[in-house]
Amino acid sequence: MDKYYKPSGRFSLIFLIYFLLVSVIAFPILGLIYAYFIWYIPFIYINFFITIGFGFLIGFFISIIVIKKGKVRNPLLGFIIGLVGAFLALYFHWAIWIDLVINAGESYGSNRIGITVSNIQFLQVFSLIFRPDLVFEYINQVNGYGTWGIRGATVSGTFLWIIWAIEFIIVVTISGFLPYLEAKKPFSESNNSWYEEIILPPFNHIENKQQIITDVLAGNRDIFDLLNKNVDSEKDSHSVFTLYKSKSGKNYLSIDNKISKIDNKGNIKFDSNQVVEYIAVSSELSRLLLNK
C-alpha cells in the first residue's frame, strides 16, 4: 500500500454536463446577486469580503457539483475548471452590472457616501450577454468616468483598472483553488466512488509531528493512546483528524493543528498548520480512531 494517496488523474466526461448546468443556472444567479451587492453597498471594505464570498461560492458549486458528481480526480483539471467557471461567472456579473449602469436613476446621499437607484432589464441583460464586444466597450467607457468614489473623489482610469484587477485575481484564485483541493481528495478507483470523509472530534495539539507520521506509517496503535479529546476547541490549541474510509479497505488520514491566538481586539483566533495530508492508515488504526 502506498504511504500517501495520489490522485489517479482520471475523470468522467459527465463533468461537462454538470459544468454546463452550473454555468446556465448557478453562475447567472451568483453574478446577479454579486452585481446588486456591489452596486448598493457603498463601502469598499465590505465589498472586499463580498468579493471573497463570490469567489468562494463559485468554487463551492464547482467543487460539489462538477468535481464531486463528475468524479474529477485530476487536480490540475479541477483548477482549470475553476478558472473557466470564474471567468463565466464574472462575465455574467459584468453584463448585469453594466446594465445597472445603463439604467441608473436618482442618486441619494452626500458627496462622501451615497447610492444610485437602478434595476436591470432582463431582455437587455440577455442581449448584452451575447454581445461581449458591447460589454467590454461599456466597461472601457465606465472606466473613463467611474461610477463611485472614495472620500469624495471619483475612482476612474488606472486606479479603477487596478481595483478591478484585484477583484479578478481574488475571484479567480479562490474559484480555482477550491476545485483543485476537491479533486485531490481520496477516490476509490475499484469502487468508482469518493471515500467517506469523517471529521473526528478535536484532539489535543500535536507537538511531535514527525513522530505521529512515523507511528501511523508503522501501524503503531500506541500513538493514539496519547490523544486526548477533552479539549476546548473554542479556546485551546487542538488538532483536527479527518479520516477517509472506503469499502476497498484502504483508508487515509489528514491531520491539522489549530493553534490558538488572541488578536488585537482580544478575540480568540486559530491558525491552521497541516501535520500530514492523506497518509495511509490501516483498518485497525482507523477503528481505534473512530472508537476514541
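The preceding data block contains the structure.
As a starting point, this report considers the structure included with it. Please read all numbers here as calculations on a predicted model, not as lab measurements. All residue numbers refer to position in the chain's written sequence, counted from 1. Residues qualify for local features only when their pLDDT is at least 70, as the model is predicted, and side-chain atom pairs are given and counted only at 80 or more; totals for whole chains, interfaces and linings, by contrast, use all residues. The basis for every side-chain value is the complete set of heavy atoms in the structure, and neither hydrogens nor water enter the calculation.

### A word on the nonpolar core
- Ranked by internal contacts, the top residues of the largest apolar core, which has 31 residues, are F27, F54, I58, I62, V66, I67 and I81.
- A helix here means a DSSP run of H or I that spans at least four residues, while a strand means a run of E at least two residues long, and both kinds are numbered starting from the N terminus. At the level of elements, α1 (15-40), α2 (44-69), α3 (75-102), α6 (157-184) and β11 (268-281) are the ones that each hand at least two residues to this core.
- Sorting elements by how many residues they give to this core places α1 first, with 7 residues.
- Discounting residues that sit within four places of it in the chain, I58 has contacts with F27, L30, G85, A86, A89, V171 and S175. As used in this record, nonpolar core signifies buried Ala, Val, Leu, Ile, Met, Phe, Trp, Tyr and Cys residues forming a set joined through side-chain atoms within 4.5 Å. Each residue is assigned to one of three classes by its accessible area relative to the maximum for its type, calculated with a 1.4 Å probe on protein chains only: buried under 20%, partly exposed between the two thresholds, exposed over 50%. Only heavy atoms matter for contacts: two residues are in contact if any of them lie within 4.5 Å across the pair.

### Observations concerning the packing of aromatic side chains
- Stacked, edge-to-face and tilted are the three classes for Phe, Tyr and Trp ring pairs, Trp counted by its six-membered ring, which pair at centre distances within 6.5 Å; planes under 30 degrees apart are stacked, over 60 edge-to-face, the rest tilted. All told, the structure shown has 22 aromatic pairs when counted by the stated rule.
- Ring plane angle 20 degrees and centroid distance 6.3 Å describe the contact between F56 and F60, whose orientation is recorded as stacked. Remark: F60 and F56 occur in helix α2; sequence separation between them is 4 residues, near one turn of the helix.
- Judged by its relative accessible area of 44%, F56 is partly exposed.
- On the basis of an interplanar angle of 40 degrees and a centroid distance of 6.4 Å, the ring pair of Y91 and F136 is categorised as tilted.

### Section: unusual backbone geometry
- Non-glycine residue K71 carries a positive phi angle of around 55 degrees.
- Assignment of secondary structure puts K71 in the loop between α2 and α3.
- Looking at K71, the relative accessible area reads 24%, which means it is partly exposed.
- With phi around 55 degrees, Y278 is a residue other than glycine that occupies positive phi space.
- Relative to the assigned elements, Y278 resides in strand β11.

### Re the environment of N140
- As for its position among the elements, N140 is in helix α5 (residues 132-145).
- Residue N140 is classed as partly exposed on the basis of its relative accessible area, which comes to 48%.
- Linking N140 and W161, residues 21 residues apart in sequence, is a C-alpha distance of 9.6 Å.

All we've got here are geometric facts, nothing functional implied.
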